Amino acid sequence: MSEYDPRVDAYIEKAQPFAQPILEHLRDLVHQAVPQVNETIKWGFASFDYKGAFCSMASFKQHVAFGFWKAALLQDPNQYLSQNSANGGEAMGNLGRITSMQDLPPDAVLIDFIRQAKKLNDDGIKVPAKPKAPVQNLEVPDYFLSALNANAKAYAIFENWPPGKRKEYIVWITEAKTEKTR
């Protein structure tokens, strides 16, 4: 059975007048599609949990945002969630800036997205991790290498640092304005 969190009621009441009916409508659709959903406030926004992070909605001064944690895995043949669509890409969430009820996809489409997101959580499916950026080779200036080679202890310490710290140190040295400072 759906439970409504009074903090979400307060969140909607504080929203701009144009946003209140949009937020209420989205909330009702989420509860209609997934009666077992839990409402809460996370990161200052109205959030819905179902076996983990599920979807959220947020109200701003001039627009509303609605999004799914696993939007990349949802089937979206009409590209309502696409970052390249007319609605997506320019705001938090997956539907872009929602300024009126007309900016929302049809209810049947939203309910389908909500149910797909529920199934993903039921099945324990996770969004694949983003690939890590390739590690770039760090160019160590010759004058720095010469100084390191002259001091075995300093060389050992530098070599044992993680790549990020080595890079930070090299940038710090190479950005010095004078040769004497370097």
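Our subject is the structure listed above.
Residues numbered from 1 in each chain as written. Predicted model: local features only at pLDDT ≥ 70, side-chain atom pairs only at ≥ 80, totals over all residues. Heavy atoms only, no water.

**Side note on the overall build of the protein**
1) Next: Looking only at helices and strands, the protein features six helices and four strands.
2) Next: Taking 182 residues into account, the globule formula puts the C-alpha radius of gyration at 16 Å, and the protein, at 25 Å, lies well above it.
3) Next: Each principal axis of the C-alpha distribution contributes one length, and for the protein these read about 70 × 35 × 35 Å.
4) Next: Counting contacts in the protein only where the partners sit at least 6 residues apart, residues at least 24 apart contribute 60% of the total.
5) Next: Total accessible area on the protein stands at roughly 11,700 Å², and carbon and sulfur atoms take up 54% of it.
6) Next: Separation between the mean location of the 21 positive side-chain charges and that of the 21 negative ones in the protein comes to 9 Å. (Helix = DSSP H or I, 4+ residues; strand = E, 2+ residues; numbered from the N terminus. Rg over C-alpha atoms; globule rule 2.2 N^0.38 Å. Contact = heavy atoms within 4.5 Å. Areas by Shrake-Rupley, 256 points an atom, 1.4 Å probe, with all protein chains shown as cover. Lys, Arg positive; Asp, Glu negative; His and termini not counted. Charge placed at Lys NZ, Arg CZ, Asp CG, Glu CD.)

**A word on the nonpolar core**
1) Next: Counting 36 residues, the largest nonpolar core has Phe54, Met57, Phe66 and Phe68 as its most contacted members.
2) Next: Residue assignment for this core shows that the elements contributing at least two residues are α1 (6-14), α2 (19-33), β2 (45-49), β3 (53-59), β4 (64-68) and α3 (107-122).
3) Next: In contact with Phe66, not counting residues within four places along its chain, are Leu26, Val30, Cys55, Ser56, Met57, Gly93, Asn94, Leu95, Ile98 and Leu110. (Core = buried A, V, L, I, M, F, W, Y, C linked by side-chain atoms within 4.5 Å. Buried < 20%, exposed > 50% of the residue type's maximum accessible area, 1.4 Å probe, protein only.)

**Some details on the pairing of β4**
Where a strand is regular, its side chains alternate between the two sheet faces.
1) Next: In terms of burial, β4 is largely enclosed, as five of its five residues are buried.
2) Next: Neither face of β4 is open: one carries Val64, Phe66 and Phe68, the other Ala65 and Gly67, and all of them are buried.
3) Next: Across five bridges, the pairing between β3 and β4 is antiparallel. Of the residues in β4, the one forming a bridge with Cys55 is Phe68. (Pairing = 2+ DSSP bridges.)

**Considerations on the side chain of Ser47**
1) Next: With respect to the helices and strands, the residue Ser47 is situated in strand β2.
2) Next: Not counting residues up to four positions away in its chain, the partners in contact with Ser47 are Asn38, Glu39, Thr40, Lys42, Cys55 and Ser56.

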